[in-house]
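Geometric and topological summary
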Amino acid sequence: MDHEIPLRGSSFPPIADYALLSDCEVCALVAPSGNVEWLSLPQMDGPSVFAAILDRQAGRFRAGPLDRMVPAGRRYLPGTMILETTWGTPTGWLEVRDVLLIGSWEDEDGSHRYVRAPRDRVAEHVLLRTFRCLDGFVDLELDCQPAFNYGRSNGSWRHVGDGYGDAVCEAQGIEPALRLRTDVRLGFEGGRARAETSLRAGQQAFCALGWSDRAPPATYDDAEARLAETRAYWHEWVNRGRFPDHAWQIHLQRSALTLKALTYAPTGAMIAAATTSLPEAPGGERNWDYRYSWLRDSTFMLWALCTLGFNREATDFFYFIADRVEDEDLQIMYGIDGRGRLDEVTLDHLSGYEGARPVRVGNDAWHHRQHDVWGVLLDSVRLHTHSSDRLDDRLWTLITRQVDAALEHWREPDRGIWEWRADPKHFTSSKLFCWVAADRGARLARLRDDTTAAERWEAAAQEMHDDICANGTDARGVFVQHYETDALDASLLLLPLIRFLPPTDERVRATVLAIADELTVDGLVLRYRVKETDDGLAGEEGTFTICSFWLVSALAEIGELDRARTLCEKLLSYASPLLLYAEEIEPHSGRHLGNFPQAFAHLALINAVMHIIRADQSLTEGLESLTEAPGRLAVQFGLGLEPADGAAHPNPSGDDAGRDA
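Here's what I pulled together on the structure shown here. (Residues numbered from 1 in each chain as written. Predicted model: local features only at pLDDT ≥ 70, side-chain atom pairs only at ≥ 80, totals over all residues. Heavy atoms only, no water.)

Observations concerning the environment of V70
- You can see V70 is positioned in the loop between β5 (60-65) and β6 (73-76).
- Of the residues examined, V70 reaches a relative accessible area of 65% and is grouped as exposed.
- For the pair V70 and G34, spaced 36 residues apart in sequence, the C-alpha to C-alpha distance is 8.8 Å. (Helix = DSSP H or I, 4+ residues; strand = E, 2+ residues; numbered from the N terminus. Buried < 20%, exposed > 50% of the residue type's maximum accessible area, 1.4 Å probe, protein only.)

Here it is as structure tokens:
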């Protein structure tokens, strides 16, 4: 890649240095300085109140030592989404804990946001920050400066109650208002609420920002009790998972927690990322809003979560998708509350992360025609439905309509898995997922004993299979991006994973190795080479994290286990200090690019890591060498690998490894 990353001299923290907080209704990003630089209310895809990540004047909330911006250490409390930051100053040591509170269920205000069955714990709509002086003394600073509606409106503060520790911030015509409670004394400077105090060894303090009728904690003891309840919630949740006793277990746990954090509990929807408009290239225009739910994530989420035993979340997301397509045409993406229109606008008043403009909210891809959508939906149904008892009439109506849509449109060009903004093409991966729709539909029809539908869809799947093999390969037998080019595309790494052909097929092997050798920079995978592909946009982009993890899985599938293990180790070394991943990685520097953290990257990480762990387990258990038997891993474990007890079988195609051409 020709694009050079400039030396840092920016007022913006590196993307990888942010920490994610979540209560499964909103997400916040916290910089190492103690600044909350991203928070959208009242839900994950709502307008921001803190957006310093996109413009240094667009709202922030700092808590930390006065005149100190670089902490001594940061971590998540193990098994939680609670951030702990430790500060060393010339006079003492301070510990700060940041959390979005989750507490016991209380009656709602009648809005009935919950579509899925509400659990026993629910978001409290409070950002809590606690402080404890460990040694010496520390001068503590609180500085809360909201900027409502993506930085368009400043708020006005006023005290409530008798003292100086309870205040409300409101902006005309904007909901919700903010309430800040603390046991230190607040003062106001225009749109800012500020406090300074000295904490000595053993002393403690708190502040809590709320945005609903549920009041923030009023005392430090109340704050600690509610933090403990939130910690118990996360521990209970992660303990439901089944993680292998392996050195990489921590990566699986953090990825699972991140996926849960990116899930909107009222509907079960999972957002693609917590942010909008973090650039794929420094200063570039490839800046998109990823705070929405893509259907293509559904199959990968079911594979990943069922593999780790989180069937409840997988089922909730499945029914979010099923709800969207019951009575309407299928879109590729939706708002987390199920709305279909996600009209894209630019926020020209914001400077963008390190000057990358435009800043966008909404995403015009919602009305793109992308033919992979039918395949990922049918694969999700296949994973969810492992017995005829779960294939009810509602699901069958959904299946029939979507399989027939794939059969109707598969010969047409589309925008492809990467949401092409140039002219539509006959993308090979889109044809592959139309085949998945027909293939999985036929298998489900057999489960329902509908022989007529099964035979019709099997015949269509065979026709698609023949067409893809005839037109989707180059002279080397390598599968290519679309029918009019010899360019490579990382989406073809899914070939062995979706069982289109057995991993032992020479075309599959040739495709995986061609991508590994020709579509990588320092071993990390590009989606495609932008100089070979007119995608309708200007500028470069980094290597795609998900594609690199796909390569790990694909290499394992074709028996290249040493190469797969080496790449997986390398990718895990690129994790952020808190084990999170952005959409892209600049391979020469390891700098993270794009929206953060990216659900798709963590889904692919789980699959890749489980491929390697299962392969290692097989070798240590004395099974024949998988490097001498390519395809064994594919047949034995499938894309999602071995599920927890009671989960849907992970092999998307059942027991066989795909059709020969």
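Overview of helix α9 (residues 451-471)
- Spanning 21 residues, α9 covers 30 Å between terminal C-alpha atoms, matching the ideal 30 Å at 1.5 Å per step.
- Among all positions of α9, only A453, A454, W457, A460, A461, M464, H465, I468 and C469 are buried. All buried residues of α9 fall inside an arc of 165° around its axis, so they share one side. For α9, exposure combined with an orientation more than 90 degrees from the buried face picks out T452 and A470.
- Residues of α9 that are buried make contact with α7 (393-409), α8 (428-447) and α10 (506-518). (Expected span 1.5 Å × (residues − 1). Arc of directions from axis to C-beta. Contact = heavy atoms within 4.5 Å.)

Points about the pairing of β6
- By the bridge criterion, four bridges tie β6 to strand β7 (residues 83-88) in an arrangement that is antiparallel. Each residue of the ladder has a partner; that of R75, found in β7, is E84.
- Two successive antiparallel strands, β6 and β7, enclose a turn made up of six residues, where G79 displays a positive phi of approximately 75°. (Pairing = 2+ DSSP bridges.)

A word on the pattern of salt bridges
- A full pass over the atoms with the stated rule returns 48 salt bridges.
- One salt bridge in this structure joins R446 and E458, with 3.0 Å as the shortest N-O distance. Placement of the pair is R446 in helix α8 and E458 in helix α9, with a sequence separation of 12 residues.
- For R446, a relative accessible area of 38% translates into the label partly exposed.
- We classify E458 as partly exposed; its relative accessible area is 26%.
- One network of salt bridges, with partners in common, ties together R60, R62, E141, D143, E189, R192, R194 and E196. (Salt bridge = Lys/Arg side-chain N within 4 Å of Asp/Glu carboxyl O.)

Description of α10
- With 13 residues, α10 ought to run about 18 Å at 1.5 Å a step, and its terminal C-alpha atoms sit 17 Å apart, in line with that.
- The set of residues buried in α10 consists of V508, T511, V512, L513, A514, I515 and A516.
- Where α10 is buried, its residues meet β23 (520-521), β24 (524-525), α11 (545-557) and α12 (561-573).
- A side-chain oxygen of the first residue of α10 lies 2.8 Å from the backbone nitrogen of R507; this N-cap is D505. (Polar contact = N/O pair within 3.5 Å; in protein donor to acceptor, adjacent residues only side chain to side chain.)

Considering the packing of aromatic side chains
- Here the structure, examined in full by the defined rule, presents 20 aromatic pairs.
- Aromatic side chains F50 and F61 sit 6.0 Å apart centroid to centroid with 35° between the ring planes, which places their arrangement in the tilted category. Taken together, the residues F50 in strand β4 (residues 48-50) and F61 in strand β5 connect sequence positions 11 residues apart. The two residues F50 and F61 agree in class, both being buried.
- Aromatic rings pair up to connect F300, W303, W418, F544, W550 and F600 into one cluster. (Phe/Tyr/Trp six-rings, centres within 6.5 Å; stacked < 30°, edge-to-face > 60°.)

Thoughts on the pairing of β7
- Where β7 meets strand β8 (residues 92-104), six bridges bridge the pair, whose relative direction is antiparallel. When the sheet's bridge partners are listed, T85 is paired in β8 with V96.
- Hairpin connection of β7 to β8: three residues between the antiparallel strands.

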